[in-house]
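Fold and geometry: a report
Chain by chain, the residues run as shown.
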Amino acid sequence: MRQKLTIALLTWAVLLFGAIPGRAEVKSTPAQIAFAEAGERTCLKCHEETKVTPILQTPHAVKGDKHTPFGQQGCESCHGASPDHVARKVKFPTIVFKGPNASPVEQRNAQCLTCHQSGLRMNWQGSQHATNDVACTNCHTLHVSKDPVLVKFSQPDKCFTCHAEQRADSFKLSHHPIREGKVVCSDCHNPHGSSGPKMLKEFTANETCYTCHAEKRGPVLWEHEPVRENCMNCHTPHGSTQARLLVQRPPYLCQECHANSGHQAQPFAGQNLPGQVAANFRLMARGCVNCHSQIHGSNSPNGAWFTR
Ligand code: HEC
Ligand code: HEC
Ligand code: HEC
Ligand code: HEC
Ligand code: HEC
Ligand code: HEC
Ligand code: HEC
Ligand code: HEC
Ligand code: HEC
Ligand code: HEC
């Protein structure tokens, strides 16, 4: 709370006087005395460990930018004002982010959110991750020159530490090229929460799919109802043992909904339309999409059956 208050005060000071108050001014009110006068230099005297110093190469350490921690209270912008730790009266600073001595999740997250409440985090409160006590620092690593969760190739491994099912999916025969580094979880999800279902970036699953598969958006002359309704009627997003990320193989997939299709009512060749092969053959020998190739909808005047 104290840090929040201080940052709020600082922000006001900046707004009112149009300048960043110097450390001397910061010290002048009792609430702010707690911060180390020399900022990060105070901490770095003892913490030159190689696991700490890479943060100096990150956007957080840009001193010239008053929005960054180093533009404010240095290390203490994140770890909290910690005079007792600096004086070695206590083992740890006010906020510890990882390891056995980590502070409560809520306290850690609140610290990050003092600066990162807006933008992608607009729907953080109430998101599945927030309500399940996932910490910002379960995904983010800050004392490294580049946070792995922000890099396409390394992001999925972060998510897989908790999402074993999606990890298993990524190994299946048919999968979005996540493992290959071409698609990342955050192409479809906003892990900070969203107003759509399942933390999808867009309002619906379909809108999310259209961001890359734009040709499926239509409009088409002949719509196939389940396609408009939800791509997930036939596909699964992460991985499938069936080709093309299908939930089932045709004909079974189609027969879930078309159990009494015209084909089954005409079991013998003689009863088919002129020029057509036997209905049996249609059902058994080949996949339905060999003929119904425009399964996502057709623009042909004669495309009512999605065969062209
Ligand atoms: C006088 C030396 C000294 C100063 C100054 C100091 N620390 Fe520490 N700090 C330590 C030592 C030693 C430990 C290891 C904990 C222990 O065994 O006491 C530690 C532990 C920590 C930890 C926990 C590490 C872990 O493994 O969990 C953090 C985080 C930390 N310090 C941050 C800071 C910050 C931020 C500042 C500046 C406000 C700071 N320290 C100033 C000596 C110092
Ligand atoms: C004092 C304000 C402040 C605090 C506290 C803070 N950040 Fe930041 N953070 C910033 C600023 C400013 C940037 C740079 C933003 C930019 O360049 O757009 C940034 C950048 C980032 C980035 C992007 C880094 C990159 O390489 O592009 C991540 C991720 C991030 N912060 C996560 C966190 C997390 C997690 C915490 C809590 C442990 C935290 N921040 C605490 C101000 C803060
Ligand atoms: C479940 C994992 C996860 C959690 C939890 C998480 N993040 Fe992120 N964060 C990501 C991913 C993935 C990205 C990259 C998003 C992208 O590229 O669209 C990201 C990007 C960011 C960025 C840089 C992009 C930007 O918005 O400018 C910041 C800052 C950030 N997160 C802050 C936070 C804060 C603060 C919290 C805690 C309230 C948090 N994150 C919790 C995974 C997570
Ligand atoms: C933007 C927020 C932020 C700032 C600024 C920051 N830290 Fe940290 N610190 C963290 C987080 C988050 C962790 C957990 C490990 C990680 O993400 O790399 C951490 C971990 C640590 C650890 C434990 C290292 C470990 O891996 O066991 C020490 C020690 C530490 N910080 C000291 C410092 C010092 C000294 C400074 C200033 C030079 C500083 N921190 C600045 C967020 C921050
Ligand atoms: C191509 C888009 C896409 C990508 C990439 C993607 N997802 Fe999803 N994810 C979805 C959709 C769509 C759903 C909703 C599925 C549904 O409604 O049946 C979903 C659902 C989920 C769920 C909830 C599952 C459930 O049964 O409730 C989790 C967890 C998840 N995804 C994690 C991940 C992780 C982790 C990654 C990265 C390895 C990832 N996703 C990559 C589209 C995607
Ligand atoms: C520290 C563990 C942890 C990490 C790391 C993590 N998640 Fe989650 N995630 C959870 C928990 C817990 C839930 C809620 C319970 C569940 O559905 O399993 C969840 C739920 C989800 C959901 C389903 C949301 C819903 O509305 O049902 C999605 C999507 C998701 N996570 C995506 C991601 C992505 C993408 C990443 C990596 C950027 C990630 N998660 C990293 C723990 C984690
Ligand atoms: C970030 C872009 C992106 C998004 C969003 C996206 N996809 Fe994909 N999709 C791809 C890429 C890349 C491929 C692989 C194309 C290739 O290999 O030629 C692919 C392939 C596919 C395939 C064919 C798989 C195969 O085995 O041939 C299907 C089906 C598919 N996506 C469905 C979906 C659905 C459904 C959604 C919405 C939940 C979706 N996609 C969202 C990029 C995306
Ligand atoms: C009625 C079931 C069904 C629905 C609903 C459906 N698809 Fe498909 N989709 C299929 C079938 C069957 C295939 C395989 C076609 C083939 O093998 O020729 C396929 C193949 C694909 C492919 C790979 C081949 C191609 O045409 O590019 C993509 C991408 C794709 N679907 C995206 C989507 C998207 C996006 C949606 C939602 C807008 C969607 N699908 C809804 C049945 C469906
Ligand atoms: C989730 C249910 C569902 C699935 C799965 C499904 N369909 Fe459909 N399909 C429908 C609905 C609903 C209609 C519209 C029926 C109507 O207008 O009477 C339709 C219409 C059709 C039509 C046009 C015929 C007509 O009567 O308008 C054809 C052809 C068709 N589907 C073929 C297929 C094939 C082939 C597959 C498998 C790749 C498939 N469908 C999978 C629900 C489904
Ligand atoms: C050899 C090509 C072929 C195959 C294979 C095929 N169909 Fe058809 N289907 C057609 C043609 C052509 C029509 C147009 C009407 C007709 O001839 O009965 C049609 C019509 C339909 C209709 C609309 C029937 C009606 O009464 O309105 C549905 C539904 C359908 N097919 C579903 C399927 C399903 C499900 C499969 C796979 C089990 C399948 N088709 C396999 C060629 C085929």
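As the structure is a computational prediction, the values presented were derived from the model and not from experiment.

**Re the overall build of the chain**
Looking only at helices and strands, the chain features 16 helices and 2 strands. Relative to its 308 residues, the chain shows a buried fraction of 33%. Pairs at least 24 apart in sequence give 46% of the contacts found in the chain among residues at least 6 apart. Within the structure as shown, the chain displays about 19500 Å² of accessible surface, and the carbon and sulfur contribution to it stands at 60%.

**A short note on helix H6 (residues 105-116)**
For H6, spanning 12 residues, the distance from its first C-alpha to its last is 16 Å, which sits close to the expected 16 Å at 1.5 Å a residue. Of the residues making up H6, those classed as buried are Val105, Arg108, Asn109, Gln111, Cys112 and Leu113.

**Focus: the site of ligand 5**
Around ligand 5 there are 16 residues in total, and Cys185, Cys188, His189, Lys198 and His238 lie nearest to it. Histidine 189 is positioned with one of its side-chain polar atoms (N or O) 2.8 Å from a nitrogen atom of ligand 5. A distance of 2.8 Å is found between an oxygen atom of ligand 5 and a side-chain nitrogen or oxygen belonging to lysine 198. Classifying every residue of the shell around ligand 5 gives 10 nonpolar, 5 polar and 1 charged. When we break the shell around ligand 5 down by domain, the ones giving at least three residues each are domain 2 (118-199) and domain 3 (219-291).

**Some remarks on the coordination of the iron atom of ligand 2**
Around the iron atom of ligand 2, the protein contributes the donor atoms His60 (NE2) and His116 (NE2), which lie 2.0 Å from the metal centre. Taken together, the 6 donor atoms surrounding the iron atom of ligand 2 define angles of 84 to 179° at the centre, an arrangement classified as octahedral. Pair noted here: histidine 60 is in the loop between helix H3 (40-44) and helix H4 (76-79) and histidine 116 is in helix H6, with a separation of 56 residues, a long-range link. The class of histidine 116 is partly exposed, set by a relative accessible area of 37%.

**Concerning the pattern of salt bridges**
On inspection of all chains with the given rule, the structure shows 6 salt bridges. Between lysine 63 and glutamate 40 there is a salt bridge, and its shortest N-O distance comes to 2.8 Å. One end of the pair, lysine 63, is in the loop between H3 and H4; the other, glutamate 40, is in helix H3, with 23 residues separating them in the sequence. Relative accessible area serves as the criterion here: at 47%, lysine 63 is assigned to the partly exposed category. The class for glutamate 40 is buried, based on a relative accessible area of 8%.

**Section: the packing of aromatic side chains**
Throughout the structure, instances matching the rule amount to 0 aromatic pairs. Lying over the aromatic face of phenylalanine 171, arginine 179 brings its terminal NZ or CZ to 3.7 Å of the ring centre.

**Focus on unusual backbone geometry**
Cis rather than trans, the peptide bond between glycine 218 and proline 219 has omega equal to 5°. Take proline 219: it is sitting in the loop between helix H12 (205-210) and helix H13 (225-229). With omega at 10°, the peptide bond leading from proline 250 into proline 251 counts as cis. Checked against the element boundaries, proline 251 lands in the loop between strand E2 (239-240) and helix H14 (252-255). One non-glycine residue, aspartate 133, adopts positive backbone phi at about 60°. Residue position: aspartate 133 is located in the loop between helix H7 (128-131) and helix H8 (136-139). We note that phenylalanine 306 has phi near 60°; this positive angle belongs to a residue other than glycine. The residue phenylalanine 306 is located in the segment after helix H16 (288-291) in this model. Its relative accessible area of 11% is what places phenylalanine 306 among the buried residues.

**Some points on the site of ligand 6**
Around ligand 6, a shell composed of 14 residues is seen, among which Gln128, His129, Cys159, Cys162 and His163 lie nearest. Residue histidine 129 places a side-chain N or O atom 2.8 Å away from a nitrogen atom belonging to ligand 6. Within the side chain of histidine 163, a nitrogen or oxygen atom sits 2.8 Å from a nitrogen atom of ligand 6. Each residue belonging to the shell around ligand 6 can be placed in one class, and the counts come to 5 nonpolar, 7 polar and 2 charged.

**So, the confidence of the model for the chain**
Confidence in the prediction for the chain averages 86 pLDDT; 81% of positions are at 70 or higher. Looking at the elements of the chain, mean pLDDT is at its lowest for helix H2 (residues 23-28), recorded as 41, and at its highest for H8, recorded as 98. When the criterion is pLDDT under 50, residues 13-31 qualifies, and its contacts beyond four places in sequence or with other chains add up to 23 contacts. Across residues 265-280, where pLDDT falls below 50, the model places 13 contacts with residues more than four positions away in sequence or in other chains.

Calculation rules
- Residues numbered from 1 in each chain as written.
- Chains lettered and ligands numbered in written order.
- Predicted model: local features only at pLDDT ≥ 70, side-chain atom pairs only at ≥ 80, totals over all residues.
- Heavy atoms only, no water.
- Helix = DSSP H or I, 4+ residues; strand = E, 2+ residues; numbered from the N terminus.
- Buried < 20%, exposed > 50% of the residue type's maximum accessible area, 1.4 Å probe, protein only.
- Contact = heavy atoms within 4.5 Å.
- Areas by Shrake-Rupley, 256 points an atom, 1.4 Å probe, with all protein chains shown as cover.
- Expected span 1.5 Å × (residues − 1).
- Near = heavy atom within 4 Å.
- Polar contact = N/O pair within 3.5 Å; in protein donor to acceptor, adjacent residues only side chain to side chain.
- Nonpolar A, V, L, I, M, F, W, Y, C, P; charged D, E, K, R; others polar.
- Domains from an automatic or database assignment.
- Donors = N, O, S within 2.8 Å, 3.2 Å for Na, K, Ca; no water.
- Tetrahedral: all angles 85-135°; square planar, octahedral: opposite > 155°, others 65-115°.
- Salt bridge = Lys/Arg side-chain N within 4 Å of Asp/Glu carboxyl O.
- Phe/Tyr/Trp six-rings, centres within 6.5 Å; stacked < 30°, edge-to-face > 60°.
- Lys NZ or Arg CZ within 6 Å of the ring centre and 35° of its normal.
- pLDDT = per-residue confidence, 0-100.

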